[in-house]
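Residue-level structural notes
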Amino acid sequence: KTMPAYSGGNGTEDDPWLISSVADLQLLANTINDGKAAGFDADSANIGNYYGYYFKQTMDLDLSSIASWDPIGYSGDYGFYFAGNYDGGGYTISNATSTGKKDTDGFATAGIFGWVAFGSVKNLTVKNADFLATGNNNMSYVGGVLAVADNCTVENCSAYNSKIESQRNPNNSNFAGGITGIALRSSFEKCASVGNTIRHGSFGGGFIGSLDGGDSN
């Protein structure tokens, strides 16, 4: 398999792939969402999608030039999830606009990250995002940082001054939260949600829209 061409690094914990441009972030999203990262599994755990690989953001990124941001990983049911380890480096991703991405069953996710499973996101700030997801006769999940936290770790992440909304279509449950829309067996540490507008049709929260078997502190 061909290693993707990020701005540097080789994906290990000591030498992470460097996310130094909007193009790098788009490449990360596209490799997951197009199925090109399915074979990347550092631990041969049959999880794929950059499992056991590491990324580090090296500067603030402004996504205002992108009309609709597709989240990094968008579906758990079909394996299009992000399973790597993303370190925002204390930097910000700002001005992202997204109307979400739907899988073939009509589940929709919107966020910087969509569905994160078995991986981690840390040291990332999101500002001035506008995220909206509407399922197609199915559920939708929206979060300021990630839409779905599935068996993952989130630490030192914040969302500021963002609009985070999930809509019913026509009457399915939907989830919206300042950090994540729904958390499944995941842990959160030192996260903050400040000044966000959160709208939903069923499950919402300033921090986590719905919590199932997780823990936070």
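Here, every reference points to the structure presented above.
Now for a quick tour of the structure. Keep in mind that this is a model prediction, so the values were computed, not measured. (Residues numbered from 1 in each chain as written. Predicted model: local features only at pLDDT ≥ 70, side-chain atom pairs only at ≥ 80, totals over all residues. Heavy atoms only, no water.)

1. Brief notes about the sheet that holds strand 14 (residues 163-167)
Test applied: When DSSP finds two or more bridges between two strands, those strands count as paired. Secondary structure elements are defined from DSSP: runs of H or I of at least 4 residues count as helices, runs of E of at least 2 residues count as strands, and each element is numbered from the N terminus.
Taking strand neighbours across the sheet as the criterion, the four strands line up as 5-10-14-19 in an open arrangement whose pairing is parallel. What marks the edges here is a single partner per strand, and that holds for strand 5 (97-98) and strand 19 (197-199). Across two bridges, the pairing between strand 5 and strand 10 (residues 130-134) is parallel. Bridging across to strand 10, Thr97 finds its partner in Asp130.

2. Concerning the pairing of strand 16 (residues 180-184)
Looking down a regular strand, the side chains alternate between one sheet face and the other. Note the threshold: Each residue is assigned to one of three classes by its accessible area relative to the maximum for its type, calculated with a 1.4 Å probe on protein chains only: buried under 20%, partly exposed between the two thresholds, exposed over 50%.
Counting buried residues along strand 16, five of its five residues qualify, which places the element largely inside the surrounding structure. Pairing of strand 12 (residues 146-150) with strand 16, which is carried by four bridges, proceeds in the parallel orientation. Residue pairing in the sheet places Val148 in a bridge with Ile182 of strand 16. Examined bridge by bridge, strand 16 and strand 21 (residues 208-212) share four bridges and lie parallel to one another. If you follow Ile182 over to strand 21, its bridge partner there is Ser210.

3. Some thoughts on the pattern of salt bridges
Oppositely charged side chains can form a pair if their charged atoms are brought close together. This is how it is decided: Should a side-chain nitrogen of Lys or Arg be within 4 Å of a carboxyl oxygen of Asp or Glu, the pair is scored as a salt bridge.
A full pass over the atoms with the stated rule returns four salt bridges. A salt bridge links Lys36 to Asp34, with the shortest nitrogen-to-oxygen separation between them at 3.8 Å. Given the relative accessible area of 46%, Asp34 is considered partly exposed. In this structure, Asp150 and Arg185 form a salt bridge, with 3.8 Å as the shortest nitrogen-oxygen distance. Pair noted here: Asp150 is in strand 12 and Arg185 is in the loop between strand 16 and strand 17 (187-189), with a separation of 35 residues, a long-range link. Since its relative accessible area comes to 48%, Arg185 is described here as partly exposed.

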